[in-house]
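The chain contents come next:
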Protein chains: 4
Amino acid sequence: MAGNSFGQLFKITTFGESHGAMIGVVIDGCPSNLKIDEKFIQSELDRRKPGQSKITTQRKEDDVFEIVSGVFENKTTGTPLTIIIRNSDQKPQDYKHLADKFRPSHADFTYSEKYGNRDYRGGGRSSARETAARVAAGAIAKLLLKKQGIQFNAWVSQVGTVKMKDSEKIFSNKEIESNIVRCPEKATAEKMIKLIEKTRKEGDTLGGVITTVITNCPVGLGEPVFDKLHADLGKAMLSINAVKGFEFGSGFEGTKMKGSEHNDSFSLTPNPSPKERGMRTLTNHSGGIQGGISNGMEIRFNVAFKPVATIMQDQQSIDKKGNKVIVEGKGRHDPCVVPRAVPIVEAMAALVIADHFLRNKIYK
Amino acid sequence: MAGNSFGQLFKITTFGESHGAMIGVVIDGCPSNLKIDEKFIQSELDRRKPGQSKITTQRKEDDVFEIVSGVFENKTTGTPLTIIIRNSDQKPQDYKHLADKFRPSHADFTYSEKYGNRDYRGGGRSSARETAARVAAGAIAKLLLKKQGIQFNAWVSQVGTVKMKDSEKIFSNKEIESNIVRCPEKATAEKMIKLIEKTRKEGDTLGGVITTVITNCPVGLGEPVFDKLHADLGKAMLSINAVKGFEFGSGFEGTKMKGSEHNDSFSLTPNPSPKERGMRTLTNHSGGIQGGISNGMEIRFNVAFKPVATIMQDQQSIDKKGNKVIVEGKGRHDPCVVPRAVPIVEAMAALVIADHFLRNKIYK
Amino acid sequence: MAGNSFGQLFKITTFGESHGAMIGVVIDGCPSNLKIDEKFIQSELDRRKPGQSKITTQRKEDDVFEIVSGVFENKTTGTPLTIIIRNSDQKPQDYKHLADKFRPSHADFTYSEKYGNRDYRGGGRSSARETAARVAAGAIAKLLLKKQGIQFNAWVSQVGTVKMKDSEKIFSNKEIESNIVRCPEKATAEKMIKLIEKTRKEGDTLGGVITTVITNCPVGLGEPVFDKLHADLGKAMLSINAVKGFEFGSGFEGTKMKGSEHNDSFSLTPNPSPKERGMRTLTNHSGGIQGGISNGMEIRFNVAFKPVATIMQDQQSIDKKGNKVIVEGKGRHDPCVVPRAVPIVEAMAALVIADHFLRNKIYK
Amino acid sequence: MAGNSFGQLFKITTFGESHGAMIGVVIDGCPSNLKIDEKFIQSELDRRKPGQSKITTQRKEDDVFEIVSGVFENKTTGTPLTIIIRNSDQKPQDYKHLADKFRPSHADFTYSEKYGNRDYRGGGRSSARETAARVAAGAIAKLLLKKQGIQFNAWVSQVGTVKMKDSEKIFSNKEIESNIVRCPEKATAEKMIKLIEKTRKEGDTLGGVITTVITNCPVGLGEPVFDKLHADLGKAMLSINAVKGFEFGSGFEGTKMKGSEHNDSFSLTPNPSPKERGMRTLTNHSGGIQGGISNGMEIRFNVAFKPVATIMQDQQSIDKKGNKVIVEGKGRHDPCVVPRAVPIVEAMAALVIADHFLRNKIYK
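Described in the following lines is the structure provided in the data block. This structure is a prediction, so every number in the text was calculated from the model and none was measured. (Residues numbered from 1 in each chain as written. Chains lettered and ligands numbered in written order. Predicted model: local features only at pLDDT ≥ 70, side-chain atom pairs only at ≥ 80, totals over all residues. Heavy atoms only, no water.)

Ordered by their spatial adjacency, 3 strands build an open sheet running E8-E18-E19 (chain B), and the pairing between neighbours is antiparallel. At either end of the open sheet lies a strand with only one pairing partner, and these are strand E8 (101-102) and strand E19 (324-327) of chain B. (Pairing = 2+ DSSP bridges. Helix = DSSP H or I, 4+ residues; strand = E, 2+ residues; numbered from the N terminus.)

Right, let's talk about the relation of the copies chain A and chain B for a bit. Overlay of chain A on chain B (RMSD 0.0 Å): rotation 180°, translation along the axis 0.0 Å. A rotation of that kind, with that shift, is consistent with a two-fold axis. Of the interface residues in chain A, 99% have counterparts in chain B that sit at the interface too, so the contact is made through matching surfaces. (Least-squares fit on C-alpha atoms with pLDDT ≥ 70 in both. Contact = heavy atoms within 4.5 Å.)

Screw-axis analysis of chain A against chain D gives a translation of 0.0 Å along the axis, an RMSD of 0.0 Å, and a rotation angle of 180°. Taken as a fraction of all interface residues of chain A, those also at the interface in chain D reach 100%, which identifies the copy contact as same-surface.

This part takes up the interface of chain A and chain B. Each partner contributes to the interface: chain A provides 109 residues, whereas chain B provides 108 residues. Carbon and sulfur atoms make up 59% of the surface buried where chain A meets chain B, a total of about 8300 Å² over both sides. Linking chain A with chain B are 8 salt bridges. Where Lys 235 of chain A meets Asp 227 of chain B, a salt bridge forms, and the shortest distance between an N and an O atom there is 2.7 Å. In terms of residue class, the side of chain A that touches chain B is made up of 40 nonpolar, 46 polar and 23 charged. Where strand E12 (residues 243-248) of chain A lies against strand E12 (residues 243-248) of chain B, 3 bridges are found, and the strand directions are antiparallel. By the bridge assignment for E12 of chain B, Glu 247 of chain A is matched with Gly 245 of chain B. (Buried area = accessible area lost by both parts, 1.4 Å probe. Salt bridge = Lys/Arg side-chain N within 4 Å of Asp/Glu carboxyl O. Nonpolar A, V, L, I, M, F, W, Y, C, P; charged D, E, K, R; others polar.)

Cis geometry is adopted by the peptide bond preceding Val 225 of chain B, which originates at Pro 224 of chain B and carries an omega value of 5°. Phi angles above zero are rare outside glycine, and Glu 73 of chain A is one such case at about 50°. Note on placement: Glu 73 of chain A falls in the loop between strand E5 (71-72) and strand E6 (75-76). Classification of Glu 73 of chain A by relative accessible area gives exposed; the value is 58%. In this model, Ser 105 of chain D sits at a positive phi of 60°, which is unusual for a non-glycine residue. Topologically, Ser 105 of chain D is positioned in the loop between strand E8 (101-102) and helix H2 (108-115). (Buried < 20%, exposed > 50% of the residue type's maximum accessible area, 1.4 Å probe, protein only.)

Within the element layout of this structure, Asp 204 of chain A appears in the loop between helix H5 (186-201) and strand E11 (208-215). Residue class for Asp 204 of chain A comes out buried when judged on its relative accessible area of 3%. Residues Asp 204 of chain A and Pro 307 of chain A lie 103 residues apart in sequence; the distance between their C-alpha atoms is 8.8 Å. Not counting chain neighbours up to four residues away, the residues in contact with Asp 204 of chain A comprise Thr 199, Ile 311, Gln 313, His 333 and Pro 335 of chain A together with Lys 258, Gly 259 and Ser 260 of chain B. For Asp 204 of chain A, the side chain forms a polar contact with the side chain of Ser 260 of chain B, separated by 2.4 Å. (Polar contact = N/O pair within 3.5 Å; in protein donor to acceptor, adjacent residues only side chain to side chain.)

Here we take up the interface of chain A and chain D. As a measure of interface size, the accessible area lost when the parts come together is often cited. Taken together, the contact pairs 41 residues of chain A with 41 residues of chain D. Overall, the association of chain A and chain D removes approximately 3200 Å² of surface from exposure, summing both partners, and the carbon and sulfur fraction of that is 57%. Summed over the shared surface of chain A and chain D, the number is 16 residue pairs in polar contact (both at pLDDT 80 or more). The set of elements that each furnish at least two residues to the side of chain A that touches chain D consists of strand E2 (11-16), strand E3 (22-28), strand E4 (65-69) and strand E7 (81-86) of chain A. Element by element, the count of residues in the side of chain A that touches chain D is highest for E2 of chain A, at 5 residues. Among the residues making up the side of chain A that touches chain D, the classes are represented as 13 nonpolar, 19 polar and 9 charged.

Residue position: Arg 118 of chain C is located in the loop between helix H2 (108-115) and helix H3 (131-146). With a relative accessible area of 13%, Arg 118 of chain C lands in the buried category. A distance of 3.3 Å separates a polar side-chain atom of Arg 118 of chain C from the backbone oxygen of Ala 99 of chain C. Non-local contacts of Arg 118 of chain C, meaning those with residues more than four positions away in its chain, are made with Phe 72 of chain B together with Leu 98, Ala 99, Asp 100, Lys 101, Phe 102, Asp 108 and Ser 112 of chain C.

What follows is about the packing of helix H6 (residues 229-238) of chain A against helix H6 (residues 229-238) of chain B. Two quantities define a packed helix pair, namely the angle between the axes and the distance from one axis to the other. Orientation of H6 of chain A relative to H6 of chain B, taken along the N-to-C sense of each, is 160°, at an axis distance of 8 Å. Taken as axis vectors, H6 of chain A and H6 of chain B run roughly antiparallel relative to one another. For the element pair H6 of chain A and H6 of chain B, the recorded crossing hand is right-handed. Side by side, H6 of chain A and H6 of chain B meet where His 230, Ala 231, Asp 232, Gly 234, Lys 235 and Leu 238 of chain A of the first sit next to His 230, Ala 231, Asp 232, Gly 234, Lys 235 and Leu 238 of chain B of the second. When its residues are assigned to classes, the contact of H6 of chain A with H6 of chain B shows 4 nonpolar, 4 polar and 4 charged. (Axes fitted to C-alpha atoms, helices over the stretch in contact; angles between N-to-C directions. Parallel < 35°, antiparallel > 145°, perpendicular 65-115°, else oblique. Left-handed = near helix turned anticlockwise from the far one by under 90°.)

Residue and element names in this part refer to chain D. Strand E17 (residues 299-305) sits mainly inside the fold: 7 of its 7 residues count as buried. Covered by surrounding structure in E17 are Ile 299, Phe 301, Val 303 and Phe 305 together with Arg 300, Asn 302 and Ala 304, the residues of both alternating faces. Pairing geometry for strand E11 (residues 208-215) and E17, over 7 bridges, is antiparallel. When the sheet's bridge partners are listed, Thr 211 is paired in E17 with Asn 302. Sheet topology note: the strand E12 (residues 243-248)/E17 ladder contains 5 bridges and is antiparallel.

Below, the discussion takes up the packing of helix H1 (residues 38-48) of chain D against helix H3 (residues 131-146) of chain D. All names here are of chain D. Closest axis-to-axis distance for the H1/H3 pair is 9 Å, and the angle between their directions is 140°. Looking at the two axes, H1 sits oblique to H3. For the pair H1 and H3, the crossing hand works out as right-handed. Together, Phe 40, Ile 41, Glu 44, Leu 45, Arg 47 and Arg 48 of H1 and Thr 131, Ala 132, Val 135, Ala 136, Ala 139, Ile 140, Lys 142, Leu 143 and Lys 146 of H3 make up the contact between the two elements. Here the residues of the contact of H1 with H3 sort into 9 nonpolar, 1 polar and 5 charged.

So, about the state of the cysteines. Applying the stated criterion across every chain, the model contains 0 disulfides over all chains. Its sulfur unpaired, Cys 336 of chain B is 11 Å from the next cysteine sulfur, which belongs to Cys 183 of chain B. Cys 336 of chain B gets classed as buried once you look at its relative accessible area, which sits at 1%. Sulfur of Cys 217 of chain C: no disulfide; nearest cysteine sulfur belongs to Cys 30 of chain C and is 18 Å away. Given a relative accessible area of 0%, Cys 217 of chain C falls into the buried group. (Disulfide = S-S within 2.5 Å.)

Printed below as a string of C-alpha cells:
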C-alpha cells in the first residue's frame, strides 16, 4: 500500500514530481458548501514559494494554482476537490550530472533501491516541491476550520544555535510575517537572518525548530488508542521533508519534571467560551491534549528540522555501480528551509485538525 | 472513524478496558505458516507486567494470554489471529471515589466530554493496561521479523534528570535485562533505581527517555510521501500512553549542526551483507532512514515519557458539576513507567516494521 | 491486506474458526451511549443458530454470546465493543477423514493453495459459522438504527424452483417468522418446507433467494462514485457464504424495460414524514437508491444463494497429492441454508446502513 | 468518509465533473518499472468515448489523455500516476433549463439533498463521464496484468429483450469488436442494432446485460471473509452508472439447481499450466471463484444495466420548491449505453484483479 494519501475523512492524495508537468492534490471528503477564498489560497502558497526573499533558493516558481474539480459557483460541491500547480522553472539539465550519483543524506539511494529506478530531476517525487500541494490543501482545511474559530500560528523559534527567548507566548500572524525569517522576536530574527546569510556564503546550510500553536480547538478531537490527536500531528509533521523530531506540551524537557510539578490542575473559568466548556488548566504541560484528546487549551508543539542536505560544497560519494565520485556543490539551494516550512507545518496541522473535526462528528 | 486499529497490511485492532473482562488484540494480515513460540510471547508480556519488581506498581496481573483464533497445529493459518488476556486483579471499588472527579493530567475530563460517559474503573480504555495487547501483537511481529534477522533493542537512557553517558552504542537484550530499570549502563542504572525509590517514597513520579535501535532492517522500507518509515514509527510511539516526544537520528540536537557536518557520506563495505547492498554511511545522523525509506543502517530513535500522572499526593481538582474537589493520592501506582515501557516501545516498533515489510513486497 | 474487516466508520472485524475456541467480532466506531438490549441480540442469534428446526442442520450450538468490552453500565462507551461466542458442539474428529481431500465446490482447494495450509475442521475460517459474529454485530447496528426508525425485513422468496407470488409487498417480522422457512406466503412456505424435506431425504440440497426491504431509510445515504449505497449493499451480500448474485430495484428484469417505463416519476406527498422530505416516486424501479444515494423510498434487493455444497452423497474428487478419492456424504448438514440466512442478510444490511448513516454525518 | 477511491493496494482516486475543466485519476500503488503503452490506453478510451458510432450519443469528446505524474522515461516510477482528460465539448447552457428540476431516475434529487447544492451541468459528478477516468486507470491495470497473461473479455449479451444464444463460450476481443454493439453473435448483434435504432427514433432508451470472462487468473486471489474476490468484483460493477445487478458463475439461475448438480467436480489436467496448478473442475458453476478465492478456472459474471434515464420525451416531475414541472426531452443522449459500457466493465474488473494480485503477494 503506497503512502501518498493522508487523513481518513478529510483525505488528501498528492501527486507530481519536482520537474514533471505539475504537482497537485485531490481532497476527498471536504464538506459541501464551503466558500472558496482563492486569494487566501494564493497567499498561503506565496509564503512557501521559492525565491520569496534573499534567504531562500532562487528557483522561480510563481506557484499559481488552479482548481479543476469540486467547486461550482465558488462553493465546494462535496465531490473531490482537485488543485493543480504547474511547474514552470524546470531545469532538468541541471541534474543530469547527478543521474547516477547518490547525493549524501538525500533520498537518491533509498529511492533507487526501493523502486528500482530513479527520477533524478531535482529529486523527483522526494523533492520538497511536493509540499506546495500540501499547502494548497491545508488552505482549504483552514477555510473550513476558520468557521469554527480555530487558528494556526507557527513560527521559527530556532535557527542553528540561535534560539528565541520566549517559549510561552502565542504570536500573531502579523508578528510572524513581520520579517523574512518568520521569527516574531525582532532581535532574534535579525541574528537568524545574519547567520543564514553567513552560512549561505560558506556554501553551507542550517536546521532549526518551528513552534506551533493551535488556538480555539474544541474539546474532544482525537481518536484513542492509536489515532490520538498528538500521534496524528506527530506523523503529519514527521512526514515533512527534513523533519527529525516532534514534541508537544512539555516535550523532551518534561521528562525531567516530577509528576507533582507536571500535572496540570483544573480550574473553572468565570465566563467560559463554548469551546472550553468552562474548564481550563492552570498550566499546560499537556500541550492541549490529554489521553490523546484535545482538552480545549492551546495545542502547542515543536518540530525539528535538520540542515538542508544540498550544500554548495563538493562531497565524496558513490555512484550506482559503486564507484567513488564527487558530488559537486552547484545549482540553486536554500541555506535554511525553516522559514519556508512555516506554512507547511501550519498546513499539515490544519489537515490533521480538519480530519479529526470531521471524525468527531460521529459522536454528536 | 474510531482509532483502535494500527497498521495497513499487518493490521492490529485492540480492545478491552482496565477493569473489564479481558483485553485483547486481533491481528489481521499476519502471513500464514509462521511458527508460534508461546514461551516467547509470554516472556514479552512478563517484561511489561505490573508487579515485576520493587520499582513498579503492585497491581498483580499474571497476564496469561490465550490464542483463540488464527493458529492451527502451532502455525498461523493466514486468518485473523486473536489473543486475549483476562483481567484478574480488578478492584473497581478502588476507583468508586473517583467516579465524578477529573484527575489532573489524566484522560478523565477529555473522555467524559468526547464520549458523554466515563468508565471510571482504572481509567477504562485510557489505561495503559491496553498496551499488554500491543506487546502480545508485537511478539508475533517479532517472530515474523526474526526470520529476516531484524532485531529490536530498546533501553532506558534517562530517568528524571539521570542520563546515560553513551549515546552511540547498541546494547544487547542481555545487557538491558541485567537490571530492573532496563538501563544497560550499570552505574547509571543504580542511580536511576535509587532516584525511583526516593521518588516513590515522596509519593511522586518520574518521566524519562527510551532509546531504541533496530538492526538488520533491509533497505527499502517506508512509503513516501506520508507513510515515511520514521513518520509511522513516530505515530506508533506517540500513541503510547504518557509519550510526549519522538526524535530519530540526530533529532533535536541535529538542528544545531551545519549541513556539511550533518550529511552522512556513503561508503562501500568490503563484504556487504545482503541487507546492506554493500552501501554504508560513515556517520548515521539520518538514523537509518533517508527520504522516509530505510537505508540499511541501524534505525535509532528516542521516545520521551512524561512523569506518571497518578501521584500519591492529594491534588486540587474539579468534578463533573464544576465543584472544587480533592483527588486523594491513594491506590496502586508506578513511580516511573519507563522501565515497563521498554517492551511496549519495542512492540510498537516491531508492528511498524512488520507492516512496512509486507507493504514493500508489492515492489518485488 | 487481509479482508476480515467491513465498514469504514461503523467498522467490524470478525475472527474465529468453525472448530476453534470461539468466534467473535470487534466493532470499532459504534457511537457511545447506545443502550444495549441483550435479549434482542440473543433473539437475532437464535434465528441463525443451527438445530432450530427440522429443516436445518442438527449441529447443536446455543450461540450464547458475551460482551467483553465497550459496554459499561449497559451502555456503549464509544470504545471497541467486542462480542464472543464460544464453540461448544465441536466434533473435529468428524472431519479428520477430509483432511487431505478437496470437497467439491467448497473452499478446501483454494484455501490450501492461497495460505499453504488448511484447517480442515469443518471448513475452518471458511465455514458459515463465522456469520454468527456478523449477526451479533448486526444486532448492535439494528439497535443504533432503530432509534432512527429504520427497519430491516428479509424473507425467503424462493427455494429451489418454488417462488413466492407477490414480489411487491413489504412483510412484517411477524409474518416472516410465522413459519420455519421464513416465507411470509403461507401456501408457498408449505411447498418450500415439503421440498426441503424431500430433498434432505435424497441427501441433496437446495438454493434460493432472499428478498430484503429496508424501510424508513433517510434520504442521502451513499457515497458516490465508488461507495454507492447499493454497491456497498451488494458487496455485503456477496460476502455471505454461498451467495451468487445481487440485484436491487428492477434488477435483472429491469434490463428488458424501456426508459420511459422504467423511470420513476417524482410526486409530492401530502403529509411528508421528515425522512421523505415530502418527495416520493410513483414507482420504485430505482429500489430506493438513485445515483448511489438513498432517496427515501423503500430499499429493496434480492440475494441469490446456491445450493449447499455439502451433500449426503458420495462424490468423486482429488486429494492434495492429486490422487482420485471419494468424498463421502456423511456428518451433519443443512439441506437448505436460505431460511437461516435471513438474519445474516438483515445483519449485513444493517451494518451497511449504520456505516453510511455515520458517514453521512459529515455533511451535516 | 467520501467514496471516490477504489482498491486497497492498487488504489485509484477519480476526480472531475461532466462539464468542469477536466476529469482525471490518481493511481497510488502501481508497481514501478511498468512500461507504459500510450496507444493502448488511447484505444481503450476510444472504445468508451461518445460519438463513436451511430448508436451512441453525439457529444463529441476526443478523450485525449495526458499522464502528468508517475512516469519517467516511459516507465512507472512507483509514485502516484496521474492521468487527466480535458473536457472539450461542454455545453453547460444545454442544462440551464434543468437547474432547478429533478429529472426522473437521475441523481438530481439525491445529490441536492445530500450535498445541499447541485452542479446541474450534465449531472456534474454523477455523470457517466467520470467513467473515462476509470477506463484510463483500468488500462494501466491491464498492462500490469498482461505480463501475467491475465485477459479480460466483456461483451453485450443482451439488449432489451434481445439475448444471445450462447452463454458458455469465451469470445475474443476481435469477435467482440467486430460490430458496433459489441455482441459477438453476428445475427443477434444485428437484431440489437435494429432495436436500438428503432428505440432511438421513439425517443426512448434500452437496458441490457454485459457478460465478462477473465482468463488465466492465477489461483489464490481474494481475501475472505469480506473481501472475497466476487464481492469486490460485484461492488466494482455496481459502482458503474446504471448497473442494477451482478451475478457470477451459475448466478440467479443456479438457485434452482440441486447441490448434486451444482457442485463442480475436481479433475486433474494432463499438462497443467502453472496458473492452474494441475487442477480443473469439470463444470464451472462456481464461476472461477470458491470460498471467495480464484480457483484458476475462468471467472465469469454478468452485469445488468437499466435503460438510460435520459429520454427524448417530456416527463412530469417536480422542482426544488415542490412545483410540478415538465422535464423536456431534448439534448444529446445514448439510446443504449451498454455497448459503450463494455470497456468500463473490463476496466473495473482489471482494477479489482490488479488490486487482489498485489494483495496476494503478502502470502508469498
